[in-house]
Amino acid sequence: MPLPDGAASVWAVATRITALDSNGFVDPGAASYTTEQAMKVTMTPVMETGDDIAIKNAAGNLAVYAKHPDIVKYGTVSLDMGIPEPAIEQLCTGGVLLSSSASALGEPTSPTVVGQITQGTLAAATYGYRFTNVNAFGESKATNETTGSVASGSAGMVVATAVPATGAYGVRVYGRALGLEQLLGFIPNVGKQKAKELAAKAVKANTPTLIKVVALTKSIPTGTTFQIAGDTNSPKITFKTTGFGAEGATEIQVESPVEQVTLISEGEIVPVFVDTGATTPSGNIPSADTTAGPGTSGYQDPALGTVANSNGVSIEIFTEAIVGGTRASSNPYWWIVLPKVTGMHAMPKEATNANMATVMEGQAFQNPNWGTGPQETWPYDSTKWRQRTRCGASVVPKASLTNVPAV
């Protein structure tokens, strides 16, 4: 059927966004992304009100009157995304892609398990423990089983620890019945911190006490249990922080269930997990290591007080051309071109009982340098702030999260 055929524009099947240089050109290799997640693209002419002339004569009637038409100055463009696509946010509004391609952490090293016959309710038996690393992306596989025993004759507890990988938030502890370990607790990664010498009886049982430390290079959370390397008390004193130890602090508040008996020389703080039997194991050991960097994982807004993307982008919208309820048989798509949209910025986001939409807004202007577009396929003049034409399927870009550089 020859055009025009009265086709309506329905459903934005693809929206392509391409970076511009400072002069509005689409340079070869410029970043260009196509998405189908645009929920709505609103293009609104912004008008300058024309002069309204009215001059009255001495009789009070209008001697001269005229109305100049309103004038289009530029357009505003609002792009509503159903799903946040970090690469498109960064392309439109500047900011930073949050991305990691770091290798998986692997398992913790040097697992140690020590049983003792005091300060717990574990029955005399041999118990098994396994350890995993944890970071922002996931959890590693577990170490092989390490065992510790509470000797016969008295109830007791088990002190377990392992060395976390660099970059891990800490170590999860799985344990209890041999071969049937489940999640018990967590040991935070506090780095290599050092406690200063503690004189005998400097710590009373169940009494909050300040102990001196070498200035902390990493904070220690409240509730962290630890021992001090080289402690000769038998069993070693297990301390628990009762306040937050901020980076740079030279004292931390702790308490212990027993009184310190002998001097403790200056030594490294060793975070531990103490299994007293009070916690019921619950949670299975992971079967795969999920701690590797996932690639692009998020987005950070640009600094305040700046226009983060002053060059702007071009935006192309491809919609279906509908005739008689179905896609037109000839040139079945509408192709809308906005050759220069600048000043794009994020609009309010709402965290509520609904989807948190990503809305970006900017201003559209004429661009004499956009030419034939990122793939050199636009067939007409493109210098005005907005233009549209009918097109075939061959020029409609495929939606993906992959950058398809301009040619």
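Here we summarise the structure given alongside this text. (Residues numbered from 1 in each chain as written. Predicted model: local features only at pLDDT ≥ 70, side-chain atom pairs only at ≥ 80, totals over all residues. Heavy atoms only, no water.)

Looking at unusual backbone geometry
Across the junction of Leu3 and Pro4, the peptide omega takes the value 0°, indicating a cis bond. Checked against the element boundaries, Pro4 lands in the segment before strand 1 (8–19). At the junction of Ser234 and Pro235, the peptide bond is cis and its omega measures out at -5° in the coordinates. With respect to the element layout, Pro235 can be found in the loop between strand 16 (225–228) and strand 17 (239–241). Within the chain, Asn206 stands out as a residue other than glycine whose phi angle is a positive 55°. Topologically, Asn206 is positioned in the loop between strand 14 (194–195) and strand 15 (209–212). (Helix = DSSP H or I, 4+ residues; strand = E, 2+ residues; numbered from the N terminus.)

Re the sheet that holds strand 9 (residues 125–134)
Remark on secondary structure: sheet strands pair via backbone hydrogen bonds, oriented parallel or antiparallel. Spatially, 10-9-12-13 is the arrangement adopted by the four strands of the open sheet, whose pairing is antiparallel. With one partner strand each, in any of the chains shown, strand 10 (146–150) and strand 13 (182–188) form the two edges of the open sheet. With direction set aside, neighbouring strand axes in the sheet form an average angle of 30°. Strand direction decides the pairing type here: strand 12 (residues 170–176) and strand 13, joined by six bridges, are antiparallel. Within strand 13, the position partnered with Gly170 by the bridge is Pro188. (Pairing = 2+ DSSP bridges. Axes fitted to C-alpha atoms, helices over the stretch in contact; angles between N-to-C directions.)

Observations concerning a nonpolar patch on the surface
Taken together, the side chains of Ile53, Ile55 and Val64 make up a nonpolar region of the molecular surface, amounting to roughly 240 Å² of accessible area. Following the sequence through the fold, Ile55 ends up in strand 4 (residues 52–56). Classification of Ile55 by relative accessible area gives partly exposed; the value is 45%. (Patch = residues over 30% accessible without salt bridge, like charges linked within 9 Å, V, L, I, M, F, W, Y side chains within 5 Å. Areas by Shrake-Rupley, 256 points an atom, 1.4 Å probe, with all protein chains shown as cover. Salt bridge = Lys/Arg side-chain N within 4 Å of Asp/Glu carboxyl O. Buried < 20%, exposed > 50% of the residue type's maximum accessible area, 1.4 Å probe, protein only.)

Thoughts on the packing of aromatic side chains
Inspection of the entire model under this criterion finds five aromatic pairs. Centroid distance Tyr74 to Phe365: 5.5 Å. Interplanar angle 35°. Geometry classified as tilted. Taken as a pair, Tyr74 in strand 6 (residues 71–81) and Phe365 in the loop between strand 25 (358–364) and strand 26 (387–391) lie far apart in primary sequence, 291 residues in all. On the basis of relative accessible area, Phe365 is assigned to the partly exposed category, the value being 32%. Three or more aromatic residues link up through ring pairs in this structure, and these residues are Phe318, Trp335, Trp378 and Tyr380. Over the ring of Trp334 we find Arg388; its NZ or CZ atom is 5.7 Å from the centre of that ring. (Phe/Tyr/Trp six-rings, centres within 6.5 Å; stacked < 30°, edge-to-face > 60°. Lys NZ or Arg CZ within 6 Å of the ring centre and 35° of its normal.)

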